[in-house]
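Understanding the architecture of this molecule
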Amino acid sequence: MDRIEWDQSLSVGIELIDEQHRMLISRLDDLSKALEQHQEGALVLKTLDFLSKYTIFHFSEEENKMKESGYPHYEEHHRLHQEFIDKLKEMERDFDEDGITRALGESVNTFLWNWLVNHIREVDTRFGSYLNSKK
Ligand code: FEO
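Residues numbered from 1 in each chain as written. Predicted model: local features only at pLDDT ≥ 70, side-chain atom pairs only at ≥ 80, totals over all residues. Heavy atoms only, no water.

**So, the overall build of the protein chain**
Put simply, the test is: Numbering of helices and strands runs from the N terminus, with a helix taken as a DSSP run of H or I at least four residues long and a strand as a DSSP run of E at least two residues long. We compute the radius of gyration from the C-alpha atoms alone; for a globule the expected value is 2.2 Å times N to the 0.38, where N is the number of residues. The classification of residues rests on relative accessible area computed with a 1.4 Å probe and restricted to protein chains. Under 20% of the type maximum is buried, over 50% is exposed, and intermediate values are partly exposed.
Counting its regular elements, the protein chain contains 4 helices and 0 strands. Compactness check: the protein chain gives a C-alpha radius of gyration of 15 Å against a globular reference of 14 Å for 135 residues, within 12% of the reference. Each principal axis of the C-alpha distribution contributes one length, and for the protein chain these read about 50 × 25 × 20 Å. For the protein chain, the residues scored as buried account for 44% of the 135 residues in total.

**Concerning the side chain of Thr-55**
We apply this condition: When checking whether two residues touch, look at their non-hydrogen atoms; a contact exists if any pair is within 4.5 Å.
Mapped onto the elements of the fold, Thr-55 is located in helix H2 (residues 41–69). Ignoring any residue separated from it by four or fewer positions in sequence, one finds Thr-55 in contact with Leu-24, Phe-84 and Leu-88.

**Structural notes on empty space enclosed by the protein**
What counts is decided by this rule: For cavity detection a 1 Å grid was placed over the protein atoms alone, and a set of points counts as a cavity when a 1.4 Å probe fits there but cannot get out; an open set counts as a pocket when protein lies on both sides within 12 Å along at least five of seven lines, with lining residues being those that have an atom within 4 Å of a point. Grid points are joined across faces, edges and corners, and a volume is the space filled by probe spheres set on the points. Residues are sorted three ways: Asp, Glu, Lys and Arg are charged, Ala, Val, Leu, Ile, Met, Phe, Trp, Tyr, Cys and Pro are nonpolar, and all the rest, Gly among them, are polar.
Overall, the coordinates contain 1 cavity of 30 Å³ or more when judged by the stated rule. For the largest cavity, the calculated volume is near 30 Å³. Forming the boundary of the largest cavity are Tyr-71, His-73, Glu-76, His-77, Val-123 and Arg-126. Taken together, the elements giving at least two residues each to the lining of the largest cavity come down to helix H3 (74–98) and helix H4 (102–133). Its residues assigned to classes, the lining of the largest cavity comprises 2 nonpolar, 2 polar and 2 charged.

**Things to note about the packing of helix H1 (residues 15–36) against H2**
Using the following cut-off: All axes here are fitted lines through C-alpha atoms, helices being fitted over the stretch that makes contact, and every angle between N-to-C directions spans 0 to 180 degrees. Note on terminology: angles under 35 degrees are roughly parallel, angles over 145 are roughly antiparallel, angles of 65 to 115 are roughly perpendicular, and the others are oblique. Helix crossings fall into two classes, left-handed where the near helix is turned counterclockwise from the far one by less than a right angle and right-handed where it is turned clockwise.
It is the contact of H1 with H2, at a shortest axis distance of 9 Å, that shows an interaxial angle of 160 degrees. As judged from the angle between their axes, H1 and H2 are roughly antiparallel. Like other packed secondary-structure pairs, H1 and H2 cross with a definite hand, here left-handed. Residues Leu-16, Ile-17, Gln-20, His-21, Met-23, Leu-24, Arg-27, Leu-28, Asp-30, Leu-31, Ala-34 and Leu-35 of H1 touch H2, and the partners they reach there are Val-44, Thr-47, Leu-48, Phe-50, Leu-51, Tyr-54, Thr-55, Phe-57, His-58, Glu-61, Glu-62 and Lys-65. Taken together, the residues of the contact of H1 with H2 break down into 14 nonpolar, 5 polar and 5 charged.

This is the structure we're talking about:
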């Protein structure tokens, strides 16, 4: 998948979550660029670490809203978040062992981008609709 920028088609209808998604997409874009531009390993690691920390922060915030609102699909949504976190951890381990590789770049440009965009469009949007229906 080509990298994307956040636009209204990715809105889940909740301003705080949209704002965090903008940041998440921006961080993932930073990582893609760092890899494409063959930046130094230390900078790639810092970018990967920042993405990982921001992802955990965002998922935690979103899940807290699910628990507070009694969202019925919380468990399934949490499991999907964990899948993404596990992939990021695996990438960090691979980076520690092998440095910057073609496989790392492909993981970012295929799995992470596809996962994130599909997740926002399909899974987060369902949660956004649920929250809005409770207003
Ligand atoms: Fe915005 Fe479910 O992650």
